[in-house]
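# Structure at a glance
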4 protein chains.
Amino acid sequence: MSDIHKRVASSFEAQGLMATLGAELVSVTDGEVQIALPFSERLSQQHGYVHAGAITSIVDSACGYAALTKAPPECEIVSAEFKINLLRPAIGERFLAIGRVQSAGRTLTVCTGEVQAFSGSTCKVVALMQATMVNVPA
Amino acid sequence: MSDIHKRVASSFEAQGLMATLGAELVSVTDGEVQIALPFSERLSQQHGYVHAGAITSIVDSACGYAALTKAPPECEIVSAEFKINLLRPAIGERFLAIGRVQSAGRTLTVCTGEVQAFSGSTCKVVALMQATMVNVPA
Amino acid sequence: MSDIHKRVASSFEAQGLMATLGAELVSVTDGEVQIALPFSERLSQQHGYVHAGAITSIVDSACGYAALTKAPPECEIVSAEFKINLLRPAIGERFLAIGRVQSAGRTLTVCTGEVQAFSGSTCKVVALMQATMVNVPA
Amino acid sequence: MSDIHKRVASSFEAQGLMATLGAELVSVTDGEVQIALPFSERLSQQHGYVHAGAITSIVDSACGYAALTKAPPECEIVSAEFKINLLRPAIGERFLAIGRVQSAGRTLTVCTGEVQAFSGSTCKVVALMQATMVNVPA
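Structure report, in brief.

The rules we used
Residues numbered from 1 in each chain as written. Chains lettered and ligands numbered in written order. Predicted model: local features only at pLDDT ≥ 70, side-chain atom pairs only at ≥ 80, totals over all residues. Heavy atoms only, no water. Contact = heavy atoms within 4.5 Å. Buried area = accessible area lost by both parts, 1.4 Å probe. Salt bridge = Lys/Arg side-chain N within 4 Å of Asp/Glu carboxyl O. Polar contact = N/O pair within 3.5 Å; in protein donor to acceptor, adjacent residues only side chain to side chain. Helix = DSSP H or I, 4+ residues; strand = E, 2+ residues; numbered from the N terminus. Nonpolar A, V, L, I, M, F, W, Y, C, P; charged D, E, K, R; others polar. Pairing = 2+ DSSP bridges. Least-squares fit on C-alpha atoms with pLDDT ≥ 70 in both. Axes fitted to C-alpha atoms, helices over the stretch in contact; angles between N-to-C directions.

### With respect to the interface of chain A and chain B
Residue-level contacts link 35 residues of chain A with 35 residues of chain B. Contact between chain A and chain B buries roughly 2,600 Å² in total, counting both sides, with carbon and sulfur atoms accounting for 52%. When the area that chain A buries against chain B is broken down by residue, the three leading residues are Leu17(A), Gln46(A) and His51(A), summing to 22%. Applying the counting criterion to the chain A and chain B interface returns two salt bridges.

See the structure below:
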């Protein structure tokens with residue numbers, strides 16, 4: 001495990017919400033982080049699909065950790081803001097959130113993210129995010 | 001309880017995520033819905049504050065249900081997209097999300113939302129949302 | 001004219017785009033700035049209404065200058081990002097963009113904005129913005 | 001020129017704002033539209049760079065026309081909302097906005113867009129957009 005993977009994994013384990021949702025850290029590379037979420041009725045909205053809030057939670061974390069891979073060692077990352085489009089109902093057995101750094105500045109890092117839904121052998125993108133992360137002193 | 005309050009309450013109870021987070025439906029009036037969330041370590045990000053994803057989940061639901069109070073009886077509401085600014089760390093004993101309809105069209109309803117954090121006798125706005133909800137046949 | 005009004009007016013006059021669009025600085029108070037735009041065919045989209053880009057330009061400037069009224073004297077403001085909902089066609093004889101500071105931090109200032117359309121004796125809100133402005137050294 | 005290219009070109013020519021800014025329609029393919037904008041002091045913000053409003057105008061139009069290439073023949077497109085991140089100052093001799101369809105539904109089409117700045121032999125992405133377009137009867 002790389003140093004940055006360890007740093008992200010340690011922070012991820014400290015996020016109570018990720019455990020509550022059942023999310024798992026899947027991969028950490030320079031500028032890209034992936035987080036998986038198995039379907040559970042505990043995450044549903046009123047029609048039984050996964051709630052936009054759960055989808056948002058994992059892709060926000062994926063974007064934040066992607067930003068962390070580009071941040072100076074003495075900095076942590078917090079979300080300043082994000083926007084998400086829910087493209088279709090979040091139906092699937094498993095979801096994968098991918099966060100990618102598009103531009104890393106001194107203070108602000110802009111990321112894009114997507115969430116893929118896996119159902120049998122099909123994979124569909126169910127959400128797109130554009131996020132602004134901010135470096136803060138650790 | 002008004003008819004629309006009953007309709008919202010019934011839908012809210014069907015949202016597994018709201019129970020998982022510990023959120024409670026507080027009030028339903030024409031064009032405005034309030035949802036409360038007590039602090040829990042189960043909702044935290046890495047610094048112990050409430051995760052942006054949990055904050056987003058309750059204000060997204062509040063905006064969606066506010067839109068439902070303005071929707072035709074044969075319609076349900078799904079989130080098309082939203083944008084949220086996290087103004088400061090979500091520190092508090094209890095959080096209140098307020099969703100308000102700003103403009104209700106035939107297909108799209110635009111809402112604004114905010115999340116207030118209560119800590120002792122102080123109350124601070126920790127997040128602002130602007131959301132687009134879409135009417136879909138029930 | 002207050003010092004901050006003078007500072008905003010001087011910056012506004014340096015914005016070539018505001019003159020090109022025909023926009024006028026209307027008012028500057030602590031945390032709120034208003035910019036007006038008379039209708040012109042030169043600003044239209046394909047149906048003859050005012051283009052979303054022109055509407056966005058004036059409310060982005062209004063939000064930026066609202067942020068400037070709260071910024072330290074040695075700082076200028078640039079737009080980090082914004083999101084705008086176009087609520088209805090921008091039909092009117094005159095438009096008024098209002099930018100308001102919601103939260104001013106050390107680095108980031110969050111504003112909301114709206115654009116009102118005036119037509120005869122009626123006034124309608126045609127757009128809502130939520131924006132993140134960033135302080136930069138002057 | 002393809003039928004859809006003709007349709008987009010005809011609509012583009014009817015947009016007064018595009019002529020006022022000096023924008024040119026560059027290319028129209030299935031799901032992607034490009035619009036160019038030469039630098040002019042008439043488009044500046046207070047530091048002499050191109051104003052976020054002008055950058056937003058061309059990428060909003062590019063996203064809208066990209067959506068039009070996927071719309072049923074009896075529909076037109078209007079912008080419901082968009083969010084844009086300004087990644088760095090818009091400095092350059094020429095700008096190119098690219099709008100791409102990410103998901104085309106019955107009513108809503110979600111697009112992403114970017115604006116590239118060309119300066120001598122360098123090209124930098126200066127803005128990223130995520131937009132929701134809505135089909136309306138022509």
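Next comes the rest of the account.
### Re the interface of chain C and chain D
Counting from both sides, the interface comprises 35 residues of chain C and, opposite them, 35 residues of chain D. Summed over both sides, the interface of chain C with chain D buries roughly 2,600 Å², with 52% coming from carbon and sulfur. Three residues stand out in chain C for area buried against chain D, namely Leu17(C), Gln46(C) and His51(C), and they jointly supply 22% of the buried area on that side. Across the contact surface, chain C and chain D share two salt bridges. Glu81(D) is the partner of Lys83(C) in a salt bridge, and the nearest nitrogen-oxygen pair spans 2.7 Å. Remark: the boundary between chain C and chain D carries 24 residue pairs in polar contact (both at pLDDT 80 or more). Elements supplying a minimum of two residues to the side of chain C that touches chain D: α2 (16–21), α3 (52–68) and β3 (75–86) of chain C. Sorting elements by how many residues they give to the side of chain C that touches chain D places β3(C) first, with 11 residues. Its residues placed into classes, the side of chain C that touches chain D shows 14 nonpolar, 15 polar and six charged. As paired strands, β3(C) and strand β3 (residues 75–86) of chain D are joined by five bridges and run antiparallel to one another. If you follow Lys83(C) over to β3(D), its bridge partner there is Lys83(D).

### Details of the relation of the copies chain A and chain B
Superposing chain A onto chain B takes a rotation of 180 degrees plus a shift of 0.0 Å along the axis, which leaves an RMSD of 0.0 Å. The transformation just described matches what one would write down for a two-fold rotation axis. Within chain A, the C-alpha atom positioned nearest to the axis of rotation is that of Lys83(A), 2.0 Å from it. A shared interface surface links the copies, since 100% of the contact residues of chain A are contact residues in chain B too.

### Thoughts on the sheet that holds strand β4 (residues 94–104) of chain C
The strand order β1(C)-β2(C)-β4(C)-β5(C)-β6(C)-β3(C)-β3(D)-β6(D)-β5(D)-β4(D)-β2(D)-β1(D) describes an open sheet built from 12 strands, whose pairing is antiparallel. Single-partner strands in this sheet number two, and they are β1 (24–29) of chain C together with β1 (24–29) of chain D. Each neighbouring strand pair of the sheet contributes to a mean axis angle of 25 degrees, computed without reference to strand direction. Relative to strand β6 (residues 122–137) of chain D, β3(D) runs antiparallel, the two being bridged by 11 bridges. Bridge pairing links Glu81(D) to Thr132(D) in β6(D). With respect to the sheet, helix α1 (residues 3–13) of chain D is in contact with β1, β2 (32–38) and β3 of chain D, its orientation differing from that of β1(D) by roughly 155 degrees.

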